[in-house]
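# Architecture and fold: a report
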Amino acid sequence: MTPSVSLLLLLLLGLSQAFPLMEEGSGADVDKEDSADIGTMILTINNATNEILLEGDLLVPRRRNAMMCWSQNCLWRKASNGLVMIPFTVSSEFSSWERQLIDYAMQTYHSYTCLRFVPRQDEYDYISIENHAGCFSALGRAGGRQVLSLNRQGCLYHGIIQHEINHALGFQHEQTRSDRDSYVRINWENIGPQMAYNFYKQSTNNLNTPYDYSSIMHYGRTAFSIQYGKDSITPIPDPNVHIGQRQGMSYWDIMRINMLYEC
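Quick summary incoming for the structure in this document.

## Description of the pairing of strand β4 (residues 115-119)
- Bridge analysis of strand β3 (residues 84-90) against β4 gives 5 bridges, and the strand direction is parallel. Looking across to β4, one finds that Phe88 is bridged to Pro119.
- Each parallel crossover has a hand, and for β3 linked through helix α4 (residues 96-112) to β4 it is right-handed.

Structure below.
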């Protein structure tokens, strides 16, 4: 396969995944793995990691409260040209094709926001994309080298890559936002006491945007459930609303980036 054909196939794949709301009702046949929501996929693969993670994929910080990242202190800085330059490195463990998948997931930010992911030169703060046991990230700009893990065997999906990048930008899970009780019911009886902290509401900056069931940052309805097939999260008032997907950022995901970073 020539490089041009490979790139074309990658672009076509991305166009089909970039805006999940366009995918609803497509009627396409998918297998069990392809139909799994992003939360299920992340939590499943993260069972193998020894990292201490909050809400399934947030690294416990060493310098600040992990759940308070909507101030300027943990946002990536904007340059004088109005662009937010985010230096990054990618581990040599990733193949050329895997690097293309990561690069393509970043292209959505370049196309629809003022964020620009640029290869690191000598910047002190940067994202280091590595192949560890799981999919996880720090929340916001943590300072210095911060690991964003994308395990080669389970995390290299378009939506999962963007989910972890959004954490690194400072965005939390949708189901823990401060006003979530008006939009979802947390079924505590289906959640083990030792996992209840994963559903605690956070003091979030919601940017005056609506609750987004289709957000790439929303876990599926059975996340952390101790009973197979039982909801840990149920949308209200309509319990049939779909939550949890891995196709890519929603309209409001992109809008929030532009608002938070004043694009």
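## Here we look at the packing of α4 against helix α5 (residues 158-169)
- With their axes 9 Å apart at the nearest point, α4 and α5 run at an angle of 60 degrees to one another. Taken as axis vectors, α4 and α5 run oblique relative to one another. The element α4 and its partner α5 pack so that their crossing is right-handed. Across the interface between the two elements, Leu101, Ile102, Tyr104, Ala105, Met106, Thr108 and Tyr109 from α4 touch His158, Ile161, Gln162, Ile165, Asn166 and Leu169 from α5.
- Here the residues of the contact of α4 with α5 sort into 9 nonpolar, 4 polar and no charged.

## Examining unusual backbone geometry
- Ile236 connects to Pro237 through a cis peptide bond whose omega is 5 degrees.
- Even without being a glycine, Leu207 presents a positive backbone phi close to 55 degrees.
- Topologically, Leu207 is positioned in the loop between β8 (184-186) and β9 (233-235).
- Judged by relative accessible area, Leu207 falls into the buried class, the value being 14%.
- Although it is not a glycine, Glu262 sits at a positive phi angle of roughly 50 degrees.

## What about the side chain of Ser232?
- Turning to its location among the elements, Ser232 is positioned in the loop between β8 and β9.
- Residue Ser232 is classed as buried on the basis of its relative accessible area of 0%.
- Polar side-chain contacts of Ser232 include one of 2.5 Å to the backbone oxygen of Ala223.
- Sequence-distant contacts of Ser232, defined by excluding residues within four places in its chain, comprise Arg185, Ile186, Asn187, Ile191, Phe199, Arg221, Thr222, Ala223 and Ser225.

## Concerning the packing of aromatic side chains
- Across all of its chains, the model carries 6 aromatic pairs by this definition.
- Judged by centre distance (6.3 Å) and plane angle (80 degrees), the rings of Trp188 and Phe199 are edge-to-face. Here Trp188, found in the loop between β8 and β9, pairs with Phe199, found in the loop between β8 and β9; they are 11 residues apart in sequence, far enough to count as distant.
- Ring geometry for Tyr251 and Trp252: centres 5.1 Å apart, planes at 80 degrees, overall edge-to-face.
- Relative accessible area serves as the criterion here: at 47%, Tyr251 is assigned to the partly exposed category.
- Exposure remark for Trp252: the relative accessible area of 27% places this residue in the partly exposed category.
- Pairwise contacts between aromatic rings join Tyr183, Tyr211 and Tyr213 into one cluster.
- Positioned over the ring face of Tyr126 is Arg120, at 4.0 Å from the centre of the ring.

## Brief notes about the pattern of salt bridges
- Inspection of every chain in the model, using the stated rule, returns 10 salt bridges.
- A salt bridge links Asp181 to Lys201; the nearest nitrogen and oxygen atoms lie 2.9 Å apart. Remark: Lys201 occurs in the loop between β8 and β9 and Asp181 occurs in the loop between α5 and β8; sequence separation between them is 20 residues.
- With a closest N to O distance of 3.0 Å, Asp231 and Arg221 form a salt bridge. Of this pair, Asp231 sits in the loop between β8 and β9 while Arg221 sits in the loop between β8 and β9, placing them 10 residues apart in sequence.
- On the basis of relative accessible area, Arg221 is assigned to the partly exposed category, the value being 22%.
- Shared partners join several salt bridges into a network, and the residues in it are Glu174, Arg177, Asp179 and Arg256.

How each quantity is defined
- Residues numbered from 1 in each chain as written.
- Predicted model: local features only at pLDDT ≥ 70, side-chain atom pairs only at ≥ 80, totals over all residues.
- Heavy atoms only, no water.
- Pairing = 2+ DSSP bridges.
- Helix = DSSP H or I, 4+ residues; strand = E, 2+ residues; numbered from the N terminus.
- Right-handed = clockwise from strand over helix to strand, strands pointing away.
- Axes fitted to C-alpha atoms, helices over the stretch in contact; angles between N-to-C directions.
- Parallel < 35°, antiparallel > 145°, perpendicular 65-115°, else oblique.
- Left-handed = near helix turned anticlockwise from the far one by under 90°.
- Contact = heavy atoms within 4.5 Å.
- Nonpolar A, V, L, I, M, F, W, Y, C, P; charged D, E, K, R; others polar.
- Buried < 20%, exposed > 50% of the residue type's maximum accessible area, 1.4 Å probe, protein only.
- Polar contact = N/O pair within 3.5 Å; in protein donor to acceptor, adjacent residues only side chain to side chain.
- Phe/Tyr/Trp six-rings, centres within 6.5 Å; stacked < 30°, edge-to-face > 60°.
- Lys NZ or Arg CZ within 6 Å of the ring centre and 35° of its normal.
- Salt bridge = Lys/Arg side-chain N within 4 Å of Asp/Glu carboxyl O.

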